[in-house]
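Here is how the chains run, residue by residue.
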Amino acid sequence: MTPQIAPPEPGLTEAQIVERAVALRPVLVERQAETERLTRCPQATHEDFLRAGFYRILQPRRYGGYEFGLPVFFSVVTEVARGCPSSGWALSLTAAHVLQVASVFGERAQDEIFGTDGDFRAASTLMPVGVARPDGDDHVILDGTWPYASGAPYSTHYVGQTLCAPAEPGDAPGPLVLFCAPRPVWTVVDDWHGVLGLRGSGSNSIRMEQARIPAHHTVEAGLLDLPVEGGSPGSDLHGNPMYAGRAPSFFHGELAAVMIGTAYAAADEYARVLDARPLTQEPDRTRADLHDYQRNLGEALGVIHTAHAALQHTAREWMEACRRNVLGEAPFGTTEDNRLALMFLNAGRMAWDVLQGTLFRTAGSRHARDGERMQRYFRDAATYWTHIGPSMAEPLARRVGCDRLGLPSGHIP
């Protein structure tokens, strides 16, 4: 199919876009403090991401994207987070939601959403807020404040959830509605302050007041249960099975990619501080010469490398599950989704455990002070660990166990 919008660099390869992320790491490290101060990525970082093509990694080629797969996307997110966890988080949670839009919305809606230039970045949150009130036959009205919309300051759209308006006054609201709202109908609330970590992720709330959007920019579905079994409007439109994948496991992979990048960043900092710390009684030597610290770093890197390998392996399995789903070989249902989600989650947990239990703990208390990178990485990682994704570890493990035992698992919250 001939693209309606040509990508900025039609010949860009997967290897090249990952190399761009690696090359950006040093400047992202230097911008960490500014990013926290601003509570969002600096404009220069956003422009770097635009030029590099990071926002278009998962975007369909029909609409000006590169349509690379999950392994490439997670590789870029990991490398960016290694330079600055807040920037990696913001990138991931704005460049990722194109996947759901390109999967379940119809061709007419996608043509309008991606416009004439394919400039698309979408913050999102899982929390449903308010109701979608009909406005004539072809529009709906949205009101409410959606919190924790990471990457909102640079987003062109917001992908959110609400509820169908009740059929009659006094009735309970109807089922979930997924919607895509353009930037002109919502505002960013200046409320991303006073948080422990990921201070520069721009995870502001967004507010809508009488926001009017076309009804065909909504789908009666929830993000955690998109109708993709056997294929989707997006996999048909774009001819790519990637647009018929389950979202929950994908979301867990996003978080794991950021966490693994943060753990790599902490290992980089650990190596730097070992080299810079002379021994009190032997000032011509540093901590880098001591066996215990060498072992700490080596053990930490071994765990991080293993987590990274698990992330990439599971990303390839996710892509394969999409392929089998579209070809009718095996549905991409909740059982497979649970399995992949737990694998992603465990990869992120491995990185968190070694960051806080080895690298931060043994780096020394001077590196727990304000302004120290090791403290920042610990704060960022601890904030990741409070996110709803990692908090789902126990019920997710139970669902996987029930799936294996042939017991129902859909009732487990």
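Residues numbered from 1 in each chain as written. Predicted model: local features only at pLDDT ≥ 70, side-chain atom pairs only at ≥ 80, totals over all residues. Heavy atoms only, no water.

Counting secondary structure elements, the chain contains 14 helices and 7 strands. Taken over the C-alpha trace, the chain has a radius of gyration of 22 Å; the compact-globule value for 413 residues is 22 Å, and the two agree within 12%. Based on the C-alpha atoms only, the size of the chain along its principal axes is roughly 80 × 50 × 50 Å. Put simply, the chain has 413 residues, and 56% of those count as buried. (Helix = DSSP H or I, 4+ residues; strand = E, 2+ residues; numbered from the N terminus. Rg over C-alpha atoms; globule rule 2.2 N^0.38 Å. Buried < 20%, exposed > 50% of the residue type's maximum accessible area, 1.4 Å probe, protein only.)

This brings us to the packing of aromatic side chains. Under the definition given, this model contains 21 aromatic pairs. Ring centres of Tyr158 and Phe179 lie 6.0 Å apart, and the angle between their planes is 50°; this geometry places the pair in the tilted category. Placement of Tyr158 in strand 3 (residues 157-164) and of Phe179 in strand 4 (residues 176-182) is noted, with a sequence separation of 21 residues between them. Both residues of the pair, Tyr158 and Phe179, count as buried. On the numbers, 4.1 Å between centres and 15° between planes, the contact of Phe360 with Phe378 is stacked. With Phe360 in helix 11 (residues 334-363) and Phe378 in helix 12 (residues 373-386), the pair connects residues that are 18 residues apart, well separated along the chain. Judged by its relative accessible area of 25%, Phe378 is partly exposed. (Phe/Tyr/Trp six-rings, centres within 6.5 Å; stacked < 30°, edge-to-face > 60°.)

Moving on, we come to the side chain of Thr218. When you line up the elements, Thr218 lands in strand 7 (residues 218-219). One polar contact links the side chain of Thr218 to the main-chain carbonyl oxygen of Ala215, over a distance of 2.6 Å. Ignoring anything within four residues of it in the chain, the contact list for Thr218 reads Phe105, Val140, Val177, Leu178, Phe179 and Ile213. (Polar contact = N/O pair within 3.5 Å; in protein donor to acceptor, adjacent residues only side chain to side chain. Contact = heavy atoms within 4.5 Å.)

Right, let's talk about the environment of Leu355 for a bit. Relative to the assigned elements, Leu355 resides in helix 11. Overall, Leu355 belongs to the buried group, its relative accessible area being 0%. C-alpha separation for the pair Leu355 and Ile260, spaced 95 residues apart in sequence, amounts to 9.5 Å. In contact with Leu355, not counting residues within four places along its chain, are Met259, Thr262, Ala263, Ala266, Phe360, Tyr377, Phe378 and Ala381.

Attention now moves to the packing of helix 4 (residues 70-83) against helix 9 (residues 247-276). Contact geometry for helix 4 and helix 9: axes closest at 7 Å, N-to-C directions at 35°. As helix 4 runs across helix 9, the sense of the crossing is right-handed. Here helix 4 contributes Leu70, Phe73, Phe74, Val77, Thr78, Ala81 and Arg82 to the contact with helix 9, which in turn contributes Phe250, Gly253, Glu254, Ala257, Val258, Ile260, Gly261, Thr262, Tyr264, Ala265 and Asp268. Residues of the contact of helix 4 with helix 9, tallied by class, amount to 11 nonpolar, 4 polar and 3 charged. (Axes fitted to C-alpha atoms, helices over the stretch in contact; angles between N-to-C directions. Left-handed = near helix turned anticlockwise from the far one by under 90°. Nonpolar A, V, L, I, M, F, W, Y, C, P; charged D, E, K, R; others polar.)

Here we take up the nonpolar core. Soluble globular proteins: nonpolar side chains tend toward being buried together. One finds Phe54, Ile57, Leu70, Phe73, Phe74, Phe250 and Trp318 to be the most contacted residues of the largest nonpolar core, which totals 95 residues. Examining the composition of this core, we find that 16 residues originate from one element, helix 9, more than from any other. For Phe250, the residues in contact, after removing those within four places along its chain, are Leu58, Leu70, Phe73, Phe74, Ala96, Leu99, Gln100 and Trp318. By size, the runner-up hydrophobic cluster in this structure holds 16 residues, among which are Val140, Trp146, Tyr158 and Ile206. (Core = buried A, V, L, I, M, F, W, Y, C linked by side-chain atoms within 4.5 Å.)

We now examine empty space enclosed by the protein. This structure, assessed with the given rule, holds 4 cavities of 30 Å³ or more. By volume, the largest cavity is sized at about 70 Å³. Taken together, Arg40, Cys41, Tyr55, Ala90, Leu91, Thr94, Arg121, Gly151, Pro153, Tyr154, Ser201 and Gly202 form the lining of the largest cavity. In the lining of the largest cavity, the residues fall into 6 nonpolar, 4 polar and 2 charged. (1 Å grid on protein atoms, 1.4 Å probe; cavity = no way out; pocket = protein on both sides within 12 Å on 5 of 7 lines; lining within 4 Å. Points joined across faces, edges and corners; volume = space filled by probe spheres on them.)

Time to look at the layout of surface pockets. A probe as big as a water molecule, rolled over the atoms, marks out the empty space that is left. For the largest pocket, the calculated volume is near 710 Å³. Among the elements of the structure, helix 5 (85-95), strand 1 (122-135), strand 2 (139-149), helix 9, helix 12 and helix 13 (388-391) are those that each provide at least two residues to the lining of the largest pocket. Top contributing element to the lining of the largest pocket by residue count: helix 9, with 5 residues. Of the residues that constitute the lining of the largest pocket, the class distribution is 17 nonpolar, 12 polar and 1 charged. Empty space within the second largest pocket amounts to approximately 330 Å³. Listing elements by their share of the lining of the second largest pocket, those giving two or more residues are helix 9, helix 11 and helix 14 (393-405). Looking at the lining of the second largest pocket element by element, the count peaks at 4 residues for helix 11. Across the lining of the second largest pocket, the residue classes break down as 7 nonpolar, 5 polar and 4 charged.

Turning our attention to the pairing of strand 2. Burial runs high along strand 2: 8 of the 11 residues are buried. Note: strand 1 against strand 2, 3 bridges, orientation antiparallel. In the sheet register, Pro134 faces strand 2, and the bridge partner there is Val140. Taking the residues that link successive antiparallel strands as the turn, the strand 1-strand 2 hairpin has 3 residues, and the phi of Gly136 there is positive, at about 75°. (Pairing = 2+ DSSP bridges.)

Per the stated rule, a full pass over the model turns up 27 salt bridges. Measuring nitrogen to oxygen at the nearest pair gives 2.7 Å for the salt bridge that ties Arg272 to Glu269. Of the two residues, Arg272 and Glu269 both sit in helix 9, 3 residues apart, roughly one turn of that helix. Note on Arg272: relative accessible area 40%, which makes it partly exposed. Overall, the relative accessible area of 3% leaves Glu269 in the buried class. The partner of Glu336 in a salt bridge is Arg339, with the nearest N and O atoms 2.9 Å apart. Note that Glu336 and Arg339 are positioned in helix 11 at a spacing of 3 residues, about one turn of the helix. Overlapping salt bridges bring together Glu317, Glu320, Arg323, Arg324, Glu329, Glu336 and Arg339 as one network. (Salt bridge = Lys/Arg side-chain N within 4 Å of Asp/Glu carboxyl O.)

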